[in-house]
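Survey of secondary and tertiary structure
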Amino acid sequence: MSTKLNIQNIAKYNSSNGFTLLEVLVVTFAIGILGAIATPSWLAFIHTRNLNAAQNEVYQAMRQAQSQAKLQKLTWQASFQEQNGILQWAVHPATVSPKDAIWNDLDPSVKFDAETTLQESDGVRQIEFDYMGTVKILRRITLSSKNGGKAKRCVFISTLLGTIRTAKENDTAQDGKYCY
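The structure reproduced in this document is the subject of the present report. Each chain has its residues counted from 1, running along the sequence as written. For a predicted model such as this one, the threshold for reporting local features is a pLDDT of at least 70, and the threshold for listing and counting side-chain atom pairs is 80 or more; totals across whole chains, interfaces and linings nevertheless cover every residue. Based on all heavy atoms of the structure, the side-chain values leave hydrogens and waters out of the count.

1. Side note on the nonpolar core
In this structure, Val58, Met62, Phe80, Ile127, Phe129, Ile141 and Leu143 are the most contacted members of the largest nonpolar core, which totals 26 residues. Per the convention used, a helix needs a DSSP run of H or I reaching at least four residues, while a strand needs a run of E reaching at least two, with both numbered from the N terminus. Contributing elements (two or more residues each) for this core: α2 (21–72), β1 (76–83), β2 (86–93), β4 (110–112), β6 (124–129), β7 (140–145) and β8 (152–157). For this core, the leading source of residues is α2, giving seven residues. When near neighbours in sequence (up to four residues on either side) are disregarded, Ile141 contacts Val58, Met62, Phe80, Phe112, Thr116, Leu118, Arg153, Cys154 and Val155. Here, nonpolar core refers to any group of buried Ala, Val, Leu, Ile, Met, Phe, Trp, Tyr and Cys residues whose side-chain atoms link them within 4.5 Å. Classification of residues uses two cut-offs on accessible area relative to the type maximum, computed with a 1.4 Å probe and protein chains only: under 20% is buried, over 50% is exposed, and between them is partly exposed. Whether two residues are in contact is decided by their heavy atoms, any of which lying within 4.5 Å being enough.

2. Remarks on the state of the cysteines
By definition, a disulfide links the sulfur atoms of two cysteine residues through a covalent bond. Note on terminology: disulfide denotes any pair of cysteine sulfur atoms within 2.5 Å. Taken as a whole and assessed by the stated rule, the structure comprises one disulfide. Cys154 shares a disulfide with Cys179; S-S distance 1.7 Å. Taken as a pair, Cys154 in strand β8 and Cys179 in strand β10 (residues 177–179) lie far apart in primary sequence, 25 residues in all. We note that Cys154, like Cys179, is buried.

3. So, the sheet that holds strand β9 (residues 164–174)
For two strands to count as paired, DSSP must find a minimum of two bridges between them. Strand order in the open sheet formed by five strands is β4-β7-β8-β9-β10, with antiparallel pairing between adjacent strands. Since the sheet does not close on itself, it has two edges, and those belong to β4 and β10, each with one partner. Ignoring strand direction, the axes of neighbouring strands in this sheet form an average angle of 40 degrees. Pairing of β9 with β10 involves two bridges; the strand directions are antiparallel. Note that in β10 the partner of Gln174 across the bridge is Lys177. The angle between two axes is taken between their N-to-C directions and runs from 0 to 180 degrees, where each axis is a line fitted to C-alpha atoms and a helix contributes only its stretch in contact.

4. Describing the packing of aromatic side chains
When the centres of two rings from Phe, Tyr and Trp lie within 6.5 Å, Trp using its six-membered ring, the rings pair. Their planes under 30 degrees apart give stacked, over 60 give edge-to-face, and anything left gives tilted. Counted under the stated rule, the structure contains one aromatic pair. Directly above the ring of Phe112 sits Arg125, whose terminal nitrogen or CZ lies 4.7 Å from the centroid. Only when the NZ of Lys or the CZ of Arg is both within 6 Å of the ring centre and within 35 degrees of the ring normal is a charge said to sit over the ring. Above the ring of Phe156, the side-chain terminus of Arg165 is found at 4.2 Å from the ring centroid.

5. Observations concerning α2
Its 52 residues place the ends of α2 74 Å apart at the C-alpha level, agreeing with the 76 Å of an ideal helix rising 1.5 Å per residue. Two axes are fitted around each residue, one to the seven residues ending there and one to the seven starting there, and the angle between them is reported as the bend at that residue. Where α2 bends most, the angle comes to about 30 degrees, and this point is Ala38, followed within four residues by the proline Pro40. Here α2 has its buried residues at Asn50, Leu51, Ala54, Gln55, Val58, Ala61, Met62, Ala65, Gln66 and Ala69. Downstream of α2 by a residue or two, Lys73 has a phi angle that is positive, lying close to 55 degrees. To estimate the expected span of a helix, subtract one from its residue number and multiply by 1.5 Å.

6. Some words on the side chain of Ser145
Its place among the elements puts Ser145 in strand β7. N or O atoms closer than or at 3.5 Å make up a polar contact, with two conditions inside protein: a donor-capable atom paired with an acceptor-capable one, and, for residues adjacent in sequence, both atoms drawn from side chains. At 3.2 Å, the side chain of Ser145 and the backbone nitrogen of Asn147 are in polar contact. Beyond its immediate stretch of four places on either side in the chain, Ser145 contacts His47, Leu51, Ser109, Lys111 and Ala151.

7. A few points about the environment of Lys136
The residue Lys136 is located in the loop between β6 and β7 in this model. As for Lys136 and Asn56, which are separated by 80 residues in sequence, their C-alpha atoms are 23 Å apart.

8. Points about unusual backbone geometry
Across the chain, the bulk of peptide bonds are trans and the bulk of non-glycine residues have phi less than zero. Positive phi values are uncommon outside glycine, yet Lys73 reaches one of about 55 degrees. Inspection of the secondary structure assignment puts Lys73 in the loop between α2 and β1. Even without glycine at this site, Asp175 takes up a positive phi of about 55 degrees. Inspection of the secondary structure puts Asp175 in the loop between β9 and β10.

9. Examining the sheet that holds strand β3 (residues 104–105)
Within a sheet, adjacent strands bond to each other through the backbone by hydrogen bonds, running parallel or antiparallel. Read from one edge to the other, the open sheet built from five strands follows the order β3-β2-β1-β6-β5, with strand pairing classed as antiparallel. The outermost strands of the open sheet, each flanked by one partner alone, are β3 and β5 (120–121). Pairing geometry for β1 and β2, over eight bridges, is antiparallel. Pairing of Gln81 across the sheet is with Gln88, part of β2. Sheet strands touched by α2: β1, β2, β3 and β6. Its angle to β1, the strand with the most contacts, is close to 150 degrees.

Structure below.
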């Protein structure tokens, strides 16, 4: 008798197990809507994180060139170029041609922004630090995302003594520039 009762209970539960097609569609639709809402924010976060990392690399490259110039009492430079759509940087003595320098890649999603003031010569932009770590001309590098958006990151040589600082985009322009 107990065996017959167990078989009836099992048969009773098996007939109502699972989800209906409508329930599966509603859950799938809800997940799709949440994904569509969250994706742009997530992508903006990733692009901003990549810009921050690239800004830090540019800042460290400039600091390294300045430090080597002071340490070795020679003119050093930080050089920047775009090679095959990827920004690159190198730190080397001014006596070494940028073509012979060891180049390092920045994130492929980053590009030079129009606000960049480093002069370009033979496809290379550079900033020189003399033996005291100072510069002759104030310059800046502004980076933005290839994927669009308003986010910008800057690295400035803000004094002739070679003070290096970073900044990010602002809502209002100052002298026609948004990164100051």
